[in-house]
Each structure stands twice: as C-alpha cells, then as structure tokens.
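Okay, here's what each chain looks like letter by letter:
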Amino acid sequence: MDFIYLPSLLTIDYEDMDMTAKEKEVCADVLADMVHIKHFLEPFTDRITKYFRGNEGTLYIDFLYRYLLEKGHDPKDMEELYQLLLQLTEEELSETYLSFLTDGNKTSISDHEIFDLIEERVPIESRRWAVFWNYHHLPETIEGMIAFYKEALPLYLPFYEHYADEVEEFQQTLDMEALYNDANFNVMGFLQSNQQTTCLVFIRSPLHLANILITDDKDSSRPAYAVIYPRIEVFIASRITINKDSVGSVLKVLSDPVRYDILKLLYQDVQKHKDIAERLGTTAANVSFHISKIMDVGLFNLPDYSEKKYKLNKKLLKECLDFIAHDFDL
C-alpha cells in the first residue's frame, strides 16, 4: 500500500497540512525527505496525471488492489501485483473502473453517459479528459501504471527503507483498540456501528501521513480497510489537548468553505456522502476526503453507535471558542 500510493506524494503538501508545532517537530525528517521525493517525481508529472488521476484522494490502482484481495488474491510484492493486474480481463477493468468512479453505483454505462458522469464527478476540469481516456484505454492505463512503478520505485526505495524498521516495530506492537481509545473519533466504535466484522489494516511509512478508513455502506459483509502509519499516536494525542496548536488546526479546517458546508450538512443530518456530494456539486470521494480531514481534528464523534450517524463534537468546538474568548477577553 505504501508503494501503491507513491504517485500521490507528488501533489500532497504537508506544509499546508493542519499540523501542530509538535507534529511538525516529530515529522521533521519526513518533511525533509518529501522535498527530495517531490524532486525525483517531478519528471513523472505527465504520466502521473495521465494514468493515476481520478476521484479526489483515491487511486484506481488501490481500488484494483482491494478488488484482487476480495477475489482471494494476496500479492506479496509489487511484481506479483503487476502480474495479477495484467491478467484482469477488459470486462473486469471496465466494471471496476465504473465502480471506482461512481462509488459502486454502476457497472455498465453508455458512452454518452460516461461523459456526463465524468463532468459531474470529476471537479477539476483539466483531469476530465484523462479520466475519459483511461476508461477507453484501460489495458494501456494498467501498462502505464506498471511502467511508472518500475521506474519510480527504485528511486523511492532508499527513502522507504529509512523508515522500514519503524514500520516493522509499529506493526509488531500495534493495538488498534488502545490506539484509538482516547481519540476524538472512535474508529472501533464506528466499525461496530456499521456491523463490520473484518478490518484489514495496512501500515504505511510516515511518508504517507494519512489516516484512512474505507467501509462499504451498502454491504457490511465486505471488509473495512484502515490505512495508518507510525507516529499516528502523536497526531491523535495532539488533537485531544486544547491549546493554541489544536485550536489553530480546528480553525484551519473550518476556514475551508467546502469543509464548513459539509460540517453544516452533517449537523443538519444529511449523512450520506452521495447526498452531500449532490448538494455541493462535487464527488462522494471528495466528500470522503474532506470528512477525513474534519475527523482528523476531532470535530466529529459517534456518541451513540447504534444511530450510525456522524455527530458534531460540540464539546471540542465549544472548548476552542472558549479558548479564543479567554485569550481575547471576549
């Protein structure tokens, strides 16, 4: 999973991430390495745009990897993954791409409909042609992805190896329940509320500072997927204590108009990502991406898991407002 998401490191900007001073201190080596990683990825920009850009915050190859897992395959390395991808039929590729693009709502579509769908679902106009091209050239898209990895991964490997021991140690000592016990967003409770009996956990290096939880709202029998990284406990802890940094992170999330609107809709009990996306004129995947950012700072919680609903963390919001009111004698 760490290698699969290498293309995303080209455009991600941790300097613009909602990081506290403590988090930046703990991740100083990551921020330094990212400068070099972006530098060697720069010549691959056109290929990354052509083969990997789809829904915001997700990659089609990640969707295919999880598709293969659910079909009983478990590639142990990238070479085995390449072979499995090349063995997929055009019908499988077409169905999975539509499912990826439409959040599982469609497996067949006319050429006219796909154009309208892309226009509706891909918010960045410059990426729409790439998505349309991918859909009509899926075998070539897979080959292009594989060619990218074969060239770029050897350049990335020295950076990954710097964190390999840390990843291994984290994997050996990980206790998911304990990790999220004091978190503002209780992941274990959320999984229970969605009747998820299986959760596959992927541990990436700290070069990927993203806490991802993927569930299927329509089919609880499918496994959930959690993607985490070493040092995540620092980010969880910094979101619990109310101080200048944590207040700043909350304000930064609220300052984004899209996230603010999503927060309001969830508070108004519009719960489904698809419904929110339709209200805001964006994609469900983009909504999921922004919701993950809102959850990262603790503005959502699930006090009653039986309701299966996002709930505004009014306590945190009030504590942040009180903190500001105290400092400025409001």
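This text goes with the structure placed above it.
None of these values were measured; they are calculated from a predicted model. For every chain, the first residue of the written sequence is number 1, and numbering continues from 1 onward in sequence order. Local features in this predicted model are restricted to residues whose pLDDT is 70 or higher, and side-chain atom pairs enter the listing and the counts only when it is 80 or higher, whereas totals over whole chains, interfaces and linings include all residues. Heavy atoms from the whole structure form the basis of all side-chain values; hydrogens and water molecules are not counted.

1. Concerning the environment of Met 145
Keep this limit in mind: Segments assigned H or I by DSSP are reported as helices when at least four residues long, segments assigned E as strands when at least two residues long, and all are numbered from the N terminus. Whether two residues are in contact is decided by their heavy atoms: any pair within 4.5 Å suffices.
On the secondary structure map, Met 145 appears in helix H9 (residues 138–173). Along the sequence, Met 145 and Phe 52 sit 93 residues apart, while their C-alpha atoms lie 7.4 Å from each other. If sequence neighbours within four positions are ignored, Met 145 has contacts with Tyr 51, Phe 52, Tyr 60 and Ile 61.

2. Here we look at the packing of helix H5 (residues 78–87) against H9
When two helices pack together, their arrangement is given by the angle between their axes and by how far apart the axes lie. The condition that has to hold: Throughout, an axis means a line fitted to C-alpha atoms (over the contacting stretch in the case of helices), and angles, computed between N-to-C directions, take values from 0 to 180 degrees. For classification purposes, angles smaller than 35 degrees are called roughly parallel, those larger than 145 roughly antiparallel, those between 65 and 115 roughly perpendicular, and all remaining angles oblique. Note that Gly is not counted as nonpolar here; it falls among the polar residues with everything else outside the nonpolar set of Ala, Val, Leu, Ile, Met, Phe, Trp, Tyr, Cys and Pro and the charged set of Asp, Glu, Lys and Arg.
Here H5 crosses H9 at 170°, and the two axes come no closer than 10 Å. Taken together, H5 and H9 sit at an angle that is classed as roughly antiparallel. For the pair H5 and H9, the contacting residues are Met 78, Glu 79, Tyr 82, Leu 85 and Leu 86 in the first and Ile 142, Glu 143, Ile 146, Tyr 149, Lys 150 and Leu 153 in the second. By residue class, the composition of the contact of H5 with H9 is 8 nonpolar, no polar and 3 charged.

3. Comments concerning H5
To keep things clear, this is the line we draw: The cut-offs for exposure are 20% and 50% of the maximum accessible area for each residue type, with area from a 1.4 Å probe on protein chains only; residues under the lower value are buried, those over the upper are exposed, and the others partly exposed. Polar contact is defined as a pair of N or O atoms within 3.5 Å, subject to the rule that within protein one atom must be able to donate a hydrogen and the other to accept it, and that residues adjacent in sequence are counted only when both atoms are side-chain atoms.
Taken residue by residue, H5 has Met 78, Leu 81, Tyr 82, Leu 84 and Leu 85 as its buried positions. In this structure, the buried residues of H5 make contact with helix H4 (60–70) and H9. The distance from a side-chain oxygen at the start of H5 to the backbone nitrogen of Glu 79 is 3.3 Å, and the residue carrying that oxygen is Asp 77.

4. A closer look at a negative patch on the surface
So the rule is basically this: Patch building starts from residues that exceed 30% relative accessible area and form no salt bridge, then joins like charges within 9 Å and nonpolar side chains (Val, Leu, Ile, Met, Phe, Trp, Tyr) within 5 Å. To be clear on the numbers: accessible area is Shrake-Rupley with a 1.4 Å probe, and residue cover counts the displayed protein chains and nothing else. Salt bridge criterion: a side-chain nitrogen from Lys or Arg within 4 Å of a carboxyl oxygen from Asp or Glu. As used throughout, the charge tally considers Lys and Arg to be positive and Asp and Glu to be negative, leaving His and the chain termini uncounted. We put the charge of a Lys on NZ, of an Arg on CZ, of an Asp on CG and of a Glu on CD.
On the surface, a cluster of negative charge is made up of Glu 113, Asp 116, Glu 119 and Glu 125. Looking at which element gives the most residues to the negative patch, the answer is helix H7 (residues 111–121), with 3 residues. Within the secondary structure, Glu 125 sits in helix H8 (residues 125–136). Under the relative-accessibility criterion, Glu 125 is labelled exposed at 63%.

5. Remarks on the pattern of salt bridges
Once the charged atoms of two side chains with opposite charge are near each other, the side chains can pair. According to the stated counting rule, one finds 7 salt bridges in the structure shown. Two residues, Glu 151 and Arg 47, come together in a salt bridge whose shortest N-O distance is 3.1 Å. With Glu 151 in helix H9 and Arg 47 in helix H3 (residues 45–52), this residue pair connects regions lying 104 residues apart in the sequence. Residue Arg 66 pairs with Asp 62 through a salt bridge whose shortest N-O separation is 3.4 Å. One end of the pair, Arg 66, and the other, Asp 62, are both in helix H4, 4 residues apart, so they sit about a helical turn from each other. By relative accessible area, which is 11% here, Arg 66 ends up buried. One network of salt bridges, in which partners are shared, links Asp 29, Glu 166 and Arg 231.

6. Considerations on the packing of aromatic side chains
Test applied: The aromatic pairing rule takes the rings of Phe, Tyr and Trp, using the six-membered ring of Trp, and pairs them if the centres are within 6.5 Å, calling planes under 30 degrees apart stacked, those over 60 edge-to-face and the rest tilted.
Scanning the model with the defined rule gives 18 aromatic pairs in all. With a centroid separation of 5.6 Å and 80° between ring planes, the pair formed by Phe 52 and Tyr 149 is classed as edge-to-face. Of this pair, Phe 52 sits in helix H3 while Tyr 149 sits in helix H9, and the two are 97 residues apart along the sequence. By the burial criterion, Phe 52 is buried, and Tyr 149 matches it. Each ring, one from Tyr 60 and one from Tyr 97, has its centre 4.7 Å from the other, and the planes form 80°; the classification is edge-to-face.

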